[in-house]
Structure formats: C-alpha cells, structure tokens
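So you can see what is in the structure, the chains are spelled out below.
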Amino acid sequence: MIQRIQSLYLLAVSVFMAVALFAPLAWFAGDAGEFRLHAFALREVGGEAVHSAVYMGVLFVLAGVLPFVSIFLFRRRLLQIRLCVVEAVLLIGCVVMEGVYYFLGWRVFSVLTFHLQGPRVAAALPVVCLVFVWLAARAILHDELLVRAADRIR
C-alpha cells in the first residue's frame with residue numbers, strides 16, 4: 001500500500017491541502033488595517049473573521065480528505081483513477097475559488113487610499129497538488145496495465 005509511489009503522491013496531496021487549509025492564502029493591507037485570507041474566512045490579523053469563505057473551505061477539506069481515502073483503495077485501481085479525476089476537478093475548483101476571493105478582496109480594498117495586497121505561498125499549493133494527482137493517476141494506470149499484462153500471460 002504505502003510502498004507504491006502513487007500512495008506517496010496521494011499522501012503528499014493530503015498533506016499539502018492540510019497546510020493550505022490552515023495557512024493564510026493572501027494578505028491585504030489598507031487604511032482599515034491588515035487582513036489575511038484563510039480557507040474559511042477573511043480575517044483580521046488579530047483573528048476576528050470579517051467575511052466568511054465557507055465554500056472555499058469546504059472545497060479545501062474535500063480536496064484534502066479524498067486522496068487520503070483513495071490511498072486505502074489500492075486493490076481497486078480503476079476506482080482510484082476515477083477518484084484522482086474527481087480530485088483534479090476539486091483542485092481546479094479550489095484554484096478558481098482562491099481567485100474569486102482574492103478578486104473580491106482586491107475590489108473591497110482597492111477603494112482605500114492606501115492599499116497593498118499579495119498572495120502567500122500556500123495559494124500555490126493546489127496547483128502543486130494538481131501535478132501530484134496527475135502523477136498518481138499515471139502511476140495507477142501503469143500498475144493496472146501491468147496487472148492486465150500479467151493476467152494475459154497466464
């Protein structure tokens with residue numbers, strides 16, 4: 001199970017999405033103060049939630065749990081490949097939601113006279129996870145082809 005390379009790829013996706021779930025994704029500063037965009041809310045530096053982002057948080061949680069569940073389905077490789085495709089769709093949704101909330105934050109803070117903003121490193125983690133999911137799906141497909149070839153030889 002864990003000795004397979006695709007299990008390590010899927011575990012890396014779960015870990016990276018857990019990091020992205022708890023780390024700040026972007027920051028905004030203006031006359032009103034400094035704010036950070038997290039997976040579930042836009043928060044002040046003190047921790048008080050200003051605006052909810054629950055939909056993005058739910059996508060991040062699903063994108064972190066699904067590859068971890070998929071690791072334990074190692075005997076059902078075709079289902080694992082399908083779950084990798086679902087995971088890729090969830091990760092694309094995470095990237096889109098990050099962009100939407102970043103744009104909404106930019107629109108709110110752009111009317112202020114003093115305004116700074118920027119993404120954080122955690123905002124790029126869903127894109128990195130997309131690469132790992134693609135690598136995992138490719139390795140699972142390779143395993144499936146090896147099993148079918150071995151069955152044909154018998």
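These lines cover the structure that appears in this document, whether it is placed above or below. (Residues numbered from 1 in each chain as written. Predicted model: local features only at pLDDT ≥ 70, side-chain atom pairs only at ≥ 80, totals over all residues. Heavy atoms only, no water.)

## Observations regarding the nonpolar core
Okay, so step 1: In this structure, Met 17, Leu 37, Met 56 and Phe 60 are the most contacted members of the largest nonpolar core, which totals 35 residues.
Okay, so step 2: Breaking this core down by element, the ones donating at least two residues are α1 (5-22), β1 (26-30), β2 (33-37), α2 (54-71), α3 (77-109) and α4 (125-153).
Okay, so step 3: In terms of residues, this core owes the most to one element, α3, which gives nine residues. (Core = buried A, V, L, I, M, F, W, Y, C linked by side-chain atoms within 4.5 Å. Buried < 20%, exposed > 50% of the residue type's maximum accessible area, 1.4 Å probe, protein only. Helix = DSSP H or I, 4+ residues; strand = E, 2+ residues; numbered from the N terminus.)

## With respect to the packing of aromatic side chains
Okay, so step 1: Evaluation of the coordinates by the stated rule reveals four aromatic pairs.
Okay, so step 2: With 5.8 Å between their ring centres and 45° between their planes, Phe 16 and Phe 132 make a pair best called tilted. Highlighted residues: Phe 16 in helix α1 and Phe 132 in helix α4, separated in sequence by 116 residues.
Okay, so step 3: Accessibility expressed as a relative area gives 22% for Phe 132, which makes it partly exposed.
Okay, so step 4: Arranged with centres 5.5 Å apart and planes meeting at 35°, the rings of Phe 28 and Tyr 102 form a pair that is tilted. Taken as a pair, Phe 28 in strand β1 and Tyr 102 in helix α3 lie far apart in primary sequence, 74 residues in all.
Okay, so step 5: Phe 28 gets classed as buried once you look at its relative accessible area, which sits at 0%. (Phe/Tyr/Trp six-rings, centres within 6.5 Å; stacked < 30°, edge-to-face > 60°.)

## Remarks on a nonpolar patch on the surface
Okay, so step 1: On the surface, a cluster of nonpolar side chains totalling about 590 Å² of accessible area is made up of Ile 5, Leu 8, Leu 11, Val 15, Val 19, Phe 68 and Phe 72.
Okay, so step 2: It is α1 that provides the largest number of residues to the nonpolar patch, a total of five residues.
Okay, so step 3: Of note, Phe 68 is situated in helix α2.
Okay, so step 4: According to the relative accessible area criterion, Phe 68 is partly exposed, its value standing at 41%. (Patch = residues over 30% accessible without salt bridge, like charges linked within 9 Å, V, L, I, M, F, W, Y side chains within 5 Å. Areas by Shrake-Rupley, 256 points an atom, 1.4 Å probe, with all protein chains shown as cover. Salt bridge = Lys/Arg side-chain N within 4 Å of Asp/Glu carboxyl O.)

## Some details on the pattern of salt bridges
Okay, so step 1: Overall, the coordinates contain four salt bridges when judged by the stated rule.
Okay, so step 2: Among the salt bridges present, the one from Arg 4 reaches Asp 143, with a minimum N-O distance of 3.3 Å. Linking Arg 4 in the segment before α1 with Asp 143 in helix α4, this pair joins segments that are 139 residues apart in sequence.
Okay, so step 3: In this structure Arg 4 comes out as buried when scored by relative accessible area, which is 14%.
Okay, so step 4: What makes Asp 143 partly exposed here is its relative accessible area of 21%.
Okay, so step 5: Note that Arg 36 and Glu 34 form a salt bridge whose closest N and O atoms lie 3.9 Å from each other.

## Some points on the sheet that holds β1
Okay, so step 1: Strand order in the open sheet made by the five strands is β4-β3-β2-β1-β5, with antiparallel pairing throughout. On the outer flanks of this sheet lie β4 (49-52) and β5 (115-119), each paired with one strand and no other. Shown here is a sheet whose adjacent strand axes are inclined to one another by a mean of 15°, direction ignored.
Okay, so step 2: As paired elements, β1 and β5 share five bridges and run antiparallel to each other. In the strand pairing of β5, Ala 29 is matched with Leu 116. (Pairing = 2+ DSSP bridges. Axes fitted to C-alpha atoms, helices over the stretch in contact; angles between N-to-C directions.)

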